[in-house]
Amino acid sequence: MATLADDDIKAQIIKIARDALQSAAERRDLPPLDVSNLPACLRQPGASFVTLSKNKTLRGCIGALEARIPLAEDIRQHAVAAAIHDYRFPSIQAEEVNDIQIEVSILTEPTQLEYNDAEELLEVLRPQVDGVIITDGTKRATFLPHVWERITSPSLFLSMLCEKANLPSDAWRKGDLQVFIYQVETIHEGKRPNAEKH
């Protein structure tokens, strides 16, 4: 059975995201998705983040933490959202599309970490491996695993994650946050020969 590890599935995932990006940049509605023709791994519910970069600089990133809809549709919706709804960036324009690189991260189901205090939390986290979600009441934020590449200190990682959730940066030290971890399979778009400008 086809899995996300198969190269042809990875290529299909990137194509799904790029087609959605193109539609978003041209301000066209996504056409209906016929999931019946897709491999089982793309028909099943899945959660993804779509990251868009331009000249190695972040241009948009939006995703979901819970699997609610078929993975293929989840990827499409987040490709559109990353292109035109990431409040940190102006919407991507049609003339930019060829310069955009796509990265799709497929998330495992989050699992809650059991810990007694801040010191134990630091010990059970796995830098470079775990994506982390923190929740406190209605406040929630996540960092994908690749954030460890630029924030290598677990304590700083947690402090910045608290700030992202609009919590005090030392909220994690009090030991009463709910902390969840997940892993990702990241699919990078290869160099596209048709991406040169004419």
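Scroll up to find the structure this text is about.
Everything in this summary refers to the structure shown in the same document. (Residues numbered from 1 in each chain as written. Predicted model: local features only at pLDDT ≥ 70, side-chain atom pairs only at ≥ 80, totals over all residues. Heavy atoms only, no water.)

### Some points on the packing of aromatic side chains
Convention followed: Only the six-membered ring of Trp is used, alongside the rings of Phe and Tyr, when aromatic pairs are assigned; centres must lie within 6.5 Å, and planes under 30 degrees apart are stacked while those over 60 apart are edge-to-face, with the rest tilted. Put simply, DSSP H or I for four residues or longer makes a helix, DSSP E for two residues or longer makes a strand, and each gets a number counted from the N terminus. Buried residues are those whose accessible area, probed at 1.4 Å on protein chains only, stays under 20% of the maximum for their type, while exposed residues exceed 50% and partly exposed ones sit between those limits.
Overall, the coordinates contain two aromatic pairs when judged by the stated rule. Centroid distance Phe143 to Phe157: 5.3 Å. Interplanar angle 75°. Geometry classified as edge-to-face. With a gap of 14 residues between them, Phe143 in strand β6 (residues 139-143) and Phe157 in helix α5 (residues 154-164) connect regions that are remote in the sequence. Each member of the pair, Phe143 as well as Phe157, carries the same accessibility label: buried. With centroids separated by 3.7 Å and ring planes inclined at 5°, the aromatic side chains of Trp148 and Phe157 adopt a geometry described as stacked. One exposure class covers both Trp148 and Phe157, and it is buried. Members of the aromatic cluster, connected to one another through ring pairs, are Phe143, Trp148 and Phe157.

### A few points about the pattern of salt bridges
Basically, it comes down to this: Within this document, salt bridges are pairs made up of a side-chain nitrogen of Lys or Arg and a carboxyl oxygen of Asp or Glu, the two lying within 4 Å of each other.
Inspection of the entire model under this criterion finds 11 salt bridges. The partner of Glu96 in a salt bridge is Arg59, and the shortest N-O contact between them spans 3.0 Å. Here Arg59 lies in strand β2 (residues 57-63) and Glu96 lies in the loop between α3 (71-84) and β3 (100-107), a separation of 37 residues in the sequence. Given a relative accessible area of 10%, Glu96 falls into the buried group. The structure contains a network of salt bridges with shared partners spanning Lys54, Arg59 and Glu96.

### Considerations on the side chain of His78
Using the following cut-off: Any pair of nitrogen or oxygen atoms within 3.5 Å is treated as a polar contact; in protein, a donor-acceptor pairing is required on top of that, and neighbouring residues in sequence qualify only through side-chain atoms on both sides. The contact definition used throughout considers only heavy atoms, calling two residues in contact when any of these lie within 4.5 Å.
Here His78 lies in helix α3. Overall, His78 belongs to the buried group, its relative accessible area being 11%. Within polar-contact distance, the side chain of His78 engages the backbone oxygen of Ser48 at 3.5 Å. Filtering out sequence-adjacent residues up to four positions away, His78 remains in contact with Ser48, Val50, Ile62, Gly63 and Ala64.

### A few points about helix α1 (residues 7-25)
The test is simple: Take the number of residues in a helix, subtract one, and multiply by 1.5 Å to get its expected span.
Here α1 is 19 residues long and its end C-alpha atoms lie 27 Å apart, about the 27 Å a rise of 1.5 Å per residue gives. All of the buried residues in α1 are Ile9, Ile13, Ile14, Ile16, Ala17, Arg18, Ala20, Leu21, Ser23, Ala24 and Ala25. Those residues of α1 hidden inside the fold are in contact with α2 (40-43), β1 (47-54), α3, β3 and β8 (184-188). Phi for Arg27, located one or two positions after α1, is positive at around 60°.

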